[in-house]
Amino acid sequence: MAQLPILQFEEKIAETVEKSAVDVVIGETGSGKSTQLSQILHRRGYTKSGCIAVTQPRRVAAVSLSRRVAQELNVKLGEEVGYAIRFEDRTSEKTLIKYLTDGVLLRESLSNPELSQYSVIILDEAHERSLNTDILLGLMKRLIKLRASNLKVLITSATLDGEKVSRFFSNCPVLNVPGKLFPVEIQHASEKPKSYLEAALKIAIDIHVREPEGDVLIFMTGQDDIEKFVSKMEERIQNLEEGSCMDAIILPLHGSLPPELQVRVFTPPPPNCRRFIVATNIAETSLTVDGVVYVIDTGFVKQRQYNPSTGMYSLDVVQISKVQATQRAGRAGRTRPGKCYRLYPSVVYKDDFLDATVPEIQRSSLAGSVLYLKSLDLPDIDILRFDFLDAPSSEALEDALKQLYLIDAIDEDGTITSLGRTMAELPLEPSLSRTLLQANEHGCLSEALTVAAMLSAETTLLLGQSKSNEKKRNEKKRKHTPSNLPDGSGWGDHVQLLQIYELWHQTDYDIDWCKENNLQVRGMMFVKDVRKQLSQIMEKIAKGPTDVKTSRKRKEDQDYRALRRALCTGYANQLAERMIHHNGFRTLGFKSQLVQVHPSSALKSDEDGMLPNYVVYHELIATTRPYMRNVCAVEMQWVRPILAKLDKINIAKLSGGISQSHEKVQKENINLPKDDANVADPVDDRESKILAARERFLARRGGKA
DNA sequence: GAGCACTGC
């Protein structure tokens, strides 16, 4: 342990922390900050008055770091040193050093806003700027004022962002701890390549032919590019003259790869063999591959962004930031001096790249975060002026307020309601929390719990695919031989998810059943865990009796009315209306968008080929077109009060009084689109339009009404 | 009639 650079700074760190309530620690990879800071402060007596918390953005990190520290201190994990992640709390009354995800710390602060059990809080990896870390940063700024005498806060960050964090905390001290990285020689391209794929291939082959042994890590944007690269690379390696260079293994690495294929990168290569690991940014932070000496950086990343005016997400390929470029290059210098080949000119890096990645808080829907902050009852009620390191746009905050108002979490003045308080207790998006509470009133809590849990794991549900060809074949097959899974009885995807889980429940959670039906076992187990957690919380917080048991009997002929009605209340902020003459929908409540039901949806059309008049959707996502993903049919009479409420929205009031002109702009955004002559009562207007259209249709056909 | 970066309570 003695060789860790940070230990040479122990005295300095202790002195600085003693003097200042907040410190920024800049520690490069390999500095040992994540395992040593907590131990240093423990040695210096900070655990006498409380526990030391170290937050991590990822669960695996919290677990593995606590393991290491327990080992180094020679204690049993879960006693003096422990960890807490969702579903798993391995701490005890003896615990002095606790590693936890930032999400867990936020939950803890809900029941104990002063976090009084902690004498030290270390926000580790703050430069990653996860949504939760950013909220914690704001909360820490308040907390050190409240607990000035007995709380120390340390924030670890990257070189490029340290000064900014320090300024945020009234110019608090910045400690620099060198890392243990080997030098990495950086080579920039002389100009932007026409094709990144080709440029990366060329460099990869060059390295393989010319450079001494050492693995190559190539950063690409997504699965598609990775698969293309792998097949072309294999082709070119085969074309090389036999015996002219060492063997090669080419490994793809991305999130949708099944875990057993992901771990292949941890097996060292056989002798005289070079590995090419073709990865997304999963290899930037989440997975560390040993043996990498060469990095090829395309300079791009795929990023999800939210547009608050339309309520729509999109997944865009964007330029990486300087912090990310440094992080990627650093992956080449972990075991010995390395090289990083950047496929962009240095002037692009210097002039075009942002210093740091746009923080998640500026790219997400904030309904959940705003509800969380409101439920903390901070003295400065005005959420629009909450002290963020990087504030989200007022548009994004107002969008969040509007959404919360529509689902009754806040009242028209923006004050949190008792319903909203209860919703904040649930680890779910506000829409789903609202659905659960409403479902409890309609006697369908058990179904709603299942739906909410299934949606929480939705992306991990489908069985992973190993090869794209195989995938395509399977898909064709699926088209002709319909799956044995239920179809949602035509009501849509929420009902289908419910029916799938109920079937699995009937098999007593049989693992083989999942495999037979192309469902990821881990995903389904996760759903089971989430459902259990949600049930426990509901039993604790719900008023009146609750019924959380999963239904055993399949009710073939039911119309899921109660559940769909609860969903309609919960998703009042995610509502869409079908166009009169075709199956396109327009969103209500946002700047109106023409959107389609996602082709994978289970929603069925009627005998005339028409989809339901109204649906609620779980997510709007723009891919090749704007799509609604996971939709549920709802009834017109349930929609009516929502439309009335939409029309009443006063953003200025919701956000605690902004200027009138501001209000006007907002109103235009939320009003129904222009082709609705009668904005005051669009439903009635719509009904008459439908009747008129039907009459015209019958007249054309020569039929009778 | 399509396609998915990565986390987390």
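Computed from a predicted structure; not experimentally measured.

A. Focus on the overall build of chain A. When its secondary structure is counted, chain A shows 25 helices and 21 strands. The burial tally for chain A puts 53% of its 705 residues in the buried class. By sequence separation, contacts in chain A at least 24 residues apart represent 74% of the contacts at least 6 residues apart. Entry remark: accessible area of chain A is about 32,700 Å², with carbon and sulfur atoms responsible for 50%.

B. The environment of Ala 332, seen in detail. In this fold, Ala 332 is placed in the loop between helix H10 (322-330) and strand E16 (338-342). Along the chain, Ala 332 and Asp 290 lie 42 residues apart, while their C-alpha atoms are 9.4 Å from each other. Residues contacting Ala 332, with those up to four places away along its chain left out, are Val 184, Val 292, Val 293, Tyr 294, Val 295, Pro 337, Gly 338 and Lys 339.

C. The arrangement of the sheet that holds strand E12 (residues 273-279) in detail. Spatially, E9-E16-E13-E10-E12-E11 is the arrangement adopted by the 6 strands of the open sheet, whose pairing is parallel. Across the chains shown, the open sheet's two edge strands, defined by having one partner strand only, are strand E9 (184-188) and strand E11 (247-253). Strand after strand, the sheet turns through a mean of 15° between neighbouring axes, direction not considered. Sheet topology note: the E11/E12 ladder contains 7 bridges and is parallel. Of the residues in E12, the one forming a bridge with Ile 250 is Phe 276. The sheet strands contacting helix H8 (residues 223-239) are strand E10 (215-219), E11 and E12, and the helix crosses E11 at an angle near 170°.

D. Molecular detail of the pattern of salt bridges. Counted under the stated rule, the structure contains 31 salt bridges. Glu 79 serves as the salt-bridge partner of Lys 94, at 3.4 Å between the closest nitrogen and oxygen. Placement of the pair is Lys 94 in the loop between strand E4 (88-90) and strand E5 (97-101) and Glu 79 in the loop between helix H3 (59-72) and strand E3 (81-85), with a sequence separation of 15 residues. Exposure remark for Glu 79: the relative accessible area of 25% places this residue in the partly exposed category.

E. Just the packing of aromatic side chains, in detail. Taken as a whole and judged by the stated rule, the model has 10 aromatic pairs. Ring geometry for Tyr 501 against Tyr 509: centres 6.3 Å apart, planes inclined by 55°, an arrangement best described as tilted. We classify Tyr 501 as buried; its relative accessible area is 1%. Relative to Tyr 509, the ring of Trp 504 has its centre 4.9 Å away and its plane inclined at 75°; by these criteria the two rings are edge-to-face. Following the ring pairs from residue to residue traces out a cluster consisting of Tyr 344, Tyr 349 and Phe 353. Just above the ring of Phe 168 sits the side chain of Lys 141; from NZ or CZ to the centre is 4.2 Å. For the cation-ring pair, Arg 304 lies above Tyr 313, with the distance from its terminal atom to the ring centre recorded as 3.8 Å.

F. Main features of the sheet that holds strand E1 (residues 22-27). Strand order in this open sheet of 8 strands is E4-E3-E5-E2-E6-E7-E1-E8, and the pairing throughout is mixed. The open sheet has two edge strands, E4 and strand E8 (174-177), and neither has a second partner. Direction aside, the axes of adjacent strands within the sheet are offset by 20° on average. As judged from the 5 bridges shared by strand E2 (residues 51-56) and strand E6 (residues 118-123), these two strands associate in the parallel manner. Note on E6: the bridge partner recorded for Ala 53 is Ile 121. In the packing of helix H2 (residues 33-43) onto the sheet, the strands contacted are E1, E2, E5, E6 and strand E7 (152-157), and the crossing angle to E5 comes to about 145°. Docked against the sheet, helix H4 (residues 102-111) engages E2, E3, E5 and E6, running at close to 100° with respect to E5.

G. Broad picture of the nonpolar core. Of all hydrophobic cores here, the largest spans 114 residues; its most connected members are Ile 121, Phe 169 and Leu 373. If we ignore the near neighbours within four places in the chain, the residues touching Phe 169 are Val 22, Leu 137, Met 140, Lys 141, Ile 144 and Ile 155. With 27 residues, the next largest nonpolar core counts Leu 37, Tyr 46, Leu 65 and Ile 97 among its residues.

H. Representation of the packing of helix H12 (residues 367-375) against helix H13 (residues 394-406) within the structure. For the pair H12 and H13, the least separation of the axes is 8 Å and the interaxial angle reads 75°. Comparing the axis directions of H12 and H13 gives the class roughly perpendicular. Mapping the contact onto sequence places Ala 367, Val 370, Leu 371 and Lys 374 in H12 and Leu 397, Ala 400, Leu 401, Gln 403 and Leu 404 in H13.

I. How the structure looks around helix H15 (residues 430-442). In a regular helix each residue adds 1.5 Å, so 13 residues correspond to 18 Å; H15 covers 18 Å between its end C-alpha atoms and thus fits that length. In terms of residue burial, H15 counts as a mostly covered element, since 11 of its 13 residues are buried. Of all the residues in H15, the buried ones are Pro 430, Ser 431, Leu 432, Ser 433, Arg 434, Thr 435, Leu 436, Leu 437, Gln 438, Ala 439 and Asn 440. In the segment just after H15, Gly 443 is the residue with positive phi, at about 70°.

Parameters and conventions
Residues numbered from 1 in each chain as written. Chains lettered and ligands numbered in written order. Predicted model: local features only at pLDDT ≥ 70, side-chain atom pairs only at ≥ 80, totals over all residues. Heavy atoms only, no water. Helix = DSSP H or I, 4+ residues; strand = E, 2+ residues; numbered from the N terminus. Buried < 20%, exposed > 50% of the residue type's maximum accessible area, 1.4 Å probe, protein only. Contact = heavy atoms within 4.5 Å. Areas by Shrake-Rupley, 256 points an atom, 1.4 Å probe, with all protein chains shown as cover. Pairing = 2+ DSSP bridges. Axes fitted to C-alpha atoms, helices over the stretch in contact; angles between N-to-C directions. Salt bridge = Lys/Arg side-chain N within 4 Å of Asp/Glu carboxyl O. Phe/Tyr/Trp six-rings, centres within 6.5 Å; stacked < 30°, edge-to-face > 60°. Lys NZ or Arg CZ within 6 Å of the ring centre and 35° of its normal. Core = buried A, V, L, I, M, F, W, Y, C linked by side-chain atoms within 4.5 Å. Parallel < 35°, antiparallel > 145°, perpendicular 65-115°, else oblique. Expected span 1.5 Å × (residues − 1).

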